[in-house]
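Reading the structure
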Amino acid sequence: MSKRALTKYLAELKKKDLEAQLLDLYVRFPAVKEYYDFVFNPKEDKMVQEAKLKISNEYFPLKRKKPKARRSVAQKFIKHFISLGVAPHLIVDVMLYNLEIAQSYSENRNVPDAFYKSMENSFKEAVQLVSVNGLLPDFKDRILKIYLFTTEHKWPNVEAFSRILDIID
């Protein structure tokens, strides 16, 4: 069904029928319930703290011995936050936190090349979001700290990180 057809269908419904359909969607689909719960009671800070906890658990697990170090965990949170409409500065905070935790993880470990490429992609996405939303004054120090870490620890893709910084210059 196209958006136009849906709009036409909804316009023909009576208010009570429309309310009944919305309630049905709310009950049937967890994504709809989550969306409305977020719209009417955001609790963004709580969501961000939960995301940070799970991200840090990926690299420094509390219950298991071996870390999984999956970037995808953070990416799922970020994508979910974007779809809900969480404030951009909170999304950037989670993005940079993921990079900072990953860098701490890499300090004392031999990580594969794919790890560096993955962190490069995360850095690029974060810097682009900062640039698009004009958040540089809030996050400049953290971004520079992440970049300096890559140079001090001689990451193989340090040049790519440098080029990414050109986005905000």
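Structural data are supplied above this passage.
Sequence order sets the numbering: in each chain, residues are counted from 1 along the sequence as written. In keeping with the model being predicted, local features are shown solely for residues with a pLDDT of at least 70 and side-chain atom pairs are shown and tallied solely at 80 or more, while totals for entire chains, interfaces and linings include all residues. To obtain the side-chain values, all non-hydrogen atoms of the structure were included, while hydrogens and water were left out.

Notes on the overall build of the protein
The helix count covers DSSP runs of H or I at least four residues long, the strand count covers runs of E at least two residues long, and both are numbered beginning at the N terminus. Looking only at helices and strands, the protein features nine helices and zero strands. Beginning at the N terminus, the succession of helices and strands in the protein can be written as α-α-α-α-α-α-α-α-α. Overall size of the protein, expressed as C-alpha extent along the three principal axes, is 65 × 40 × 30 Å. Burial classes: relative accessible area under 20% of the type maximum marks a residue as buried, over 50% as exposed, and values in between as partly exposed (1.4 Å probe, protein chains only). Classification of the 169 residues of the protein by burial places 37% in the buried group.

Observations regarding the nonpolar core
If you look at the biggest cluster of nonpolar residues, it comprises 45 residues, and the most contacted ones within it are Phe81, Phe115, Phe123 and Ile143. Looking at this core, the elements with two or more residues in it are α4 (44–59), α5 (71–84), α6 (88–107), α7 (113–132), α8 (136–152) and α9 (158–165). The element best represented in this core is α6, accounting for 11 residues. When checking whether two residues touch, look at their non-hydrogen atoms; a contact exists if any pair is within 4.5 Å. Those residues in contact with Ile143 that lie beyond four places of it in its chain are Leu96, Phe123, Val127, Val130, Leu165 and Ile168. As used here, the term nonpolar core means buried Ala, Val, Leu, Ile, Met, Phe, Trp, Tyr and Cys residues forming a set that is joined through side-chain atoms within 4.5 Å.

Regarding α8
To estimate the expected span of a helix, count its residues, drop one, and scale the result by 1.5 Å. Under the 1.5 Å per step criterion, the end-to-end length of α8 is 23 Å for 17 residues, consistent within 8% with the ideal 24 Å. Those residues of α8 not exposed but buried are Phe139, Ile143, Ile146, Tyr147, Phe149 and Thr150. At its buried positions, α8 is contacted by α6, α7 and α9. A positive backbone phi angle near 50 degrees is found at Lys154, which sits one or two residues after α8.

Some details on the packing of aromatic side chains
Side-chain rings of Phe, Tyr and Trp, where Trp is taken by its six-membered ring, are said to pair if the distance between their centres is within 6.5 Å; with planes under 30 degrees apart they count as stacked, over 60 as edge-to-face, and otherwise as tilted. The tally for this structure, following the rule as stated, stands at 12 aromatic pairs. The interplanar angle of 15 degrees and the centroid separation of 6.2 Å between the aromatic rings of Tyr36 and Phe40 together place this pair among those described as stacked. Taken together, the residues span about one helical turn, with Tyr36 and Phe40 both in helix α3 (residues 30–40) at a distance of four residues. For Tyr36, a relative accessible area of 28% translates into the label partly exposed. For the pair Tyr116 and Trp155, a centre-to-centre distance of 4.9 Å together with 70 degrees between the ring planes defines the contact as edge-to-face.

Digging into the environment of Asp138
Position of Asp138 among the secondary structure elements: in helix α8. We classify Asp138 as exposed; its relative accessible area is 55%. Along the backbone, Asp138 and Leu18 are 120 residues apart, and their C-alpha atoms lie at a distance of 43 Å.

Things to note about unusual backbone geometry
Among all residues save glycine, negative phi is the norm, and among peptide bonds the norm is trans. In this structure, Lys43 is a non-glycine residue whose phi angle is positive, near 45 degrees. Residue class for Lys43 comes out partly exposed when judged on its relative accessible area of 46%. Of note in this structure, Lys154 is not a glycine but carries a positive phi near 50 degrees. Tracing the backbone through its elements, the reader meets Lys154 in the loop between α8 and α9.

Remarks on the packing of α5 against α6
The geometry of α5 relative to α6 is characterised by a closest axis approach of 10 Å and an angle of 175 degrees between their N-to-C directions. One way to sum up the angle between α5 and α6 is to call them roughly antiparallel. Here α5 contributes Ala74, Ile78, Phe81 and Ile82 to the contact with α6, which in turn contributes Ile91, Val94, Met95 and Asn98. Under the grouping applied here, Gly and all other residues not named as nonpolar or charged are polar, the nonpolar ones being Ala, Val, Leu, Ile, Met, Phe, Trp, Tyr, Cys and Pro and the charged ones Asp, Glu, Lys and Arg. Within the contact of α5 with α6, the residues separate by chemical class into seven nonpolar, one polar and no charged. Axis geometry follows a simple rule: fit a line to the C-alpha atoms, using only the stretch in contact for helices, then measure angles between N-to-C directions, giving values from 0 to 180 degrees. Orientation labels follow simple angle bins: below 35 degrees gives roughly parallel, above 145 gives roughly antiparallel, 65 to 115 gives roughly perpendicular, and whatever is left gives oblique.

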